[in-house]
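Next come the chains, spelled out residue by residue.
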Amino acid sequence: MVVSIVICFLFFYLFKMSLNIISLSGLILALGMMIDSSIIVTENISQYRERGYSLRRACIAGTSEVITPMLSSSLTTIAVFVPLIFMSGIAGAIFYDQAFSVTVGLMVSYFTGIMLLPVLYMLVYRTGLRKSWFSRIRINNPIKDHTLDRFYDAGVDFIFAHKTASVLFCIISIPLCVFMFYFIGKERMPEIDQNELIARVEWNENIHVDENRHRVNVLFETLREGTVEQTAAIGQQDYLLNREQALSSSEAELYFKTKDPSEIAFLQEKVYHLLKSEYPLAVVSFSPPETVFEKLFVTGEADIVAELYSRNKEKVPTADELRGLENEFITRTGYAPTGIAFENQLNIRINKEKLLLYNVSYDELYRVLKTAFKENSVAMLHSYQQYLPISIAGDEKTVNQVLQETLIQTQPDSKTGEVNFIPLRELIKVTPAEDLKSITAGRNGEYIPYKFYGVEDAEQLMTEVKEVTNETGDWDIGFSGSFFSNSEMLDELVVILFISLLLMYFILAAQFESFMQPLLVLMEIPIDVAFALVLLWICGHTLNLMSAIGLIVTCGIVINDSILKLDAINELRKEGVPLLEAIHEAGR
């Protein structure tokens, strides 16, 4: 085993693979299989020694007998790991290292088992070590002699005495496996118990940062008894290396920590109802603290995201229209989507008729407006990796002051050359308005996202959302979210499972030189998978990426004993041993 590990490290070096958590986990998994190979070879040689074979002949015969079944056992295990590297996304990149580790570990242990281990066995028992007191110690295994063998024989006799029931049990396991696959809950990643919660609040009002801070402090005082730790980021943050979406003065990011993970769901519901009851326009979203695991697998994705594309690209949807759609979604579906954030703004409209009346240049008016509102950028100062815009601006003033006090020069009169100054308020019209705070776009262009969480029946929800949008006639709709990504992931895993089964069938068919015997070995897989899914459901777990990969990997491992046993039965049958006796003897 030590030699196998050293050779594995050599292959890691030759193929420029690094030692990381994924590759080491694959090597640890292969380590247990390395021990299996060594045990099989050593036990088989020892059995030939007990039959009276010489040391040299026992080493040759015992190793030769297991070369083919051990190779098939290693290849069938490798066959379930190799297809995993073709998974899309980060999962395929991660399992590439694990598949490489298992493949190298199994193949190295196979060759060391059939080439090095018999030599070491012969050298150890040929030297003077066999005459020492240590080599004369014999440890009998009473469990094997009196319990395991008896239990095995009784089990075989019971199966043959109830052949019809046994065959029906095997047949029923196939539809049970299919039923459990569709019945058990599905998600992308297993749920992790966390006692921390992040709430992002967009007040959807034109408020000062002081009012923002006051609202957060009131909320913290209300929830102080149910949490052990609270903190918040309010308004704009001056982090130089902040790569996340920046907060505005009307946004806050709240952090809560509870004593027990079971309190998080109640706390999330309480925060949502408190904010919505006091501030109906507020947009609240929740997520777990972002860790490396969250970044890799995006576990906080919404169940369903309704993407609304406007059919009239020239018309901008108003805030009232989008809020009306949101309310209609809540009424029809019973689920409250994450609201759309808006920001208050002032629309400035230039009166072109008065520009002609007062003989004012449009370019001059535009320049004055940009200067008044600090948008007249004239240059950019570069300092290392920092970019500082240089703008021409006046003193800090309110919008009304700017309109009242700012004067704009008219063009000289063509006859007299006289120049006049006109107040800015005479030439423009200012109206309050609301607009989307952020624009979301995808492959099909810009869209309005409505995110639904905690959806139980995704198909029904999407049908009802489509009905609402079709009634308006103004929207095309598309859907995305974890419901689709989970389905796509499970479809990939099902394809990988079938490819693995096909590879295992061809490997076993080549070994046994039969098309029927591989089916006998593979018949074990639906029984194991069916009851593994039943056990997952009983224990309250779901079918996710980790559990599905565990099932696929197990399919290649559980048949190893069956391969060795069937090969032993075939060898005994060639020697003329009756079938039932061969079955009893092969299991020992």
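Preceding this section is the structure that the text describes.
What counts, and where the lines are drawn
- Residues numbered from 1 in each chain as written.
- Predicted model: local features only at pLDDT ≥ 70, side-chain atom pairs only at ≥ 80, totals over all residues.
- Heavy atoms only, no water.
- Helix = DSSP H or I, 4+ residues; strand = E, 2+ residues; numbered from the N terminus.
- Buried < 20%, exposed > 50% of the residue type's maximum accessible area, 1.4 Å probe, protein only.
- Contact = heavy atoms within 4.5 Å.
- Areas by Shrake-Rupley, 256 points an atom, 1.4 Å probe, with all protein chains shown as cover.
- Expected span 1.5 Å × (residues − 1).
- Arc of directions from axis to C-beta.
- Patch = residues over 30% accessible without salt bridge, like charges linked within 9 Å, V, L, I, M, F, W, Y side chains within 5 Å.
- Salt bridge = Lys/Arg side-chain N within 4 Å of Asp/Glu carboxyl O.

Visitor: A description of the overall build of the protein should follow, citing residues and the corresponding values.
Guide: A count of helices and strands for the protein gives 20 helices and 14 strands. Across the 588 residues of the protein, 37% fall into the buried class. For the protein, long-range pairs separated by at least 24 residues make up 74% of all intrachain contacts whose partners lie at least 6 apart in sequence. As displayed, the protein offers around 35600 Å² of accessible surface, 58% of which is attributable to carbon and sulfur atoms.

Visitor: An account of unusual backbone geometry is needed here, citing residue identities and associated values.
Guide: Phi is positive for Lys16, close to 55°, though the residue is something other than glycine. Its location among the elements puts Lys16 in the loop between helix 1 (2-14) and helix 2 (21-50). Judged by its relative accessible area of 76%, Lys16 is exposed. Positive phi is not limited to glycine here, since Asn359 has a value of about 60°.

Visitor: If you had to explain the environment of Phe169 to someone new, which residues and values would you point to?
Guide: Position of Phe169 relative to the elements: it lies in helix 6 (residues 163-183). When residues no more than four places from it in sequence are discounted, the contact partners of Phe169 are Ile527 and Phe531.

Visitor: Provide a residue-level description of helix 8 (residues 264-278), including the pertinent values.
Guide: In this model helix 8 runs 21 Å from its N-terminal to its C-terminal C-alpha over 15 residues, within 8% of the 21 Å that 1.5 Å per residue would give. Buried within helix 8 we find Ile264, Leu267, Val271 and Leu275. Along the axis of helix 8, the buried residues cluster in a sector spanning 60°; they form a single face. Seen from the open side of helix 8, the exposed residues pointing more than 90 degrees away from its buried face are Ala265, Phe266 and Ser277. Packing partners of the buried residues in helix 8 comprise strand 1 (196-202), helix 7 (209-223), strand 3 (251-257) and strand 4 (283-287).

Visitor: Describe helix 19 (residues 560-574), naming the residues involved and giving the relevant values.
Guide: Between the first and last C-alpha of helix 19 there are 22 Å, a value that for 15 residues agrees with the 21 Å anticipated at 1.5 Å per step. Asn560, Ile563, Leu566, Asp567, Ile569, Asn570 and Leu572 are the residues of helix 19 that are buried. In this fold, the buried residues of helix 19 make contact with helix 3 (55-81), helix 15 (482-512), helix 16 (517-522), helix 18 (545-558) and helix 20 (579-587). Gly576, located one to two residues past helix 19, shows a positive phi value of around 90°.

Visitor: Lay out a nonpolar patch on the surface with the relevant residues and their values.
Guide: A grouping of Val3, Leu116, Val119, Leu120 and Leu123 is seen on the molecular surface, where their side chains present a nonpolar patch of about 390 Å² in accessible area. Looking at the nonpolar patch, the element that brings in the most residues is helix 4 (residues 89-126), giving 4 residues. By the secondary structure assignment, Leu116 is in helix 4.

From the geometry alone we can't say anything about function, so treat these as descriptive.
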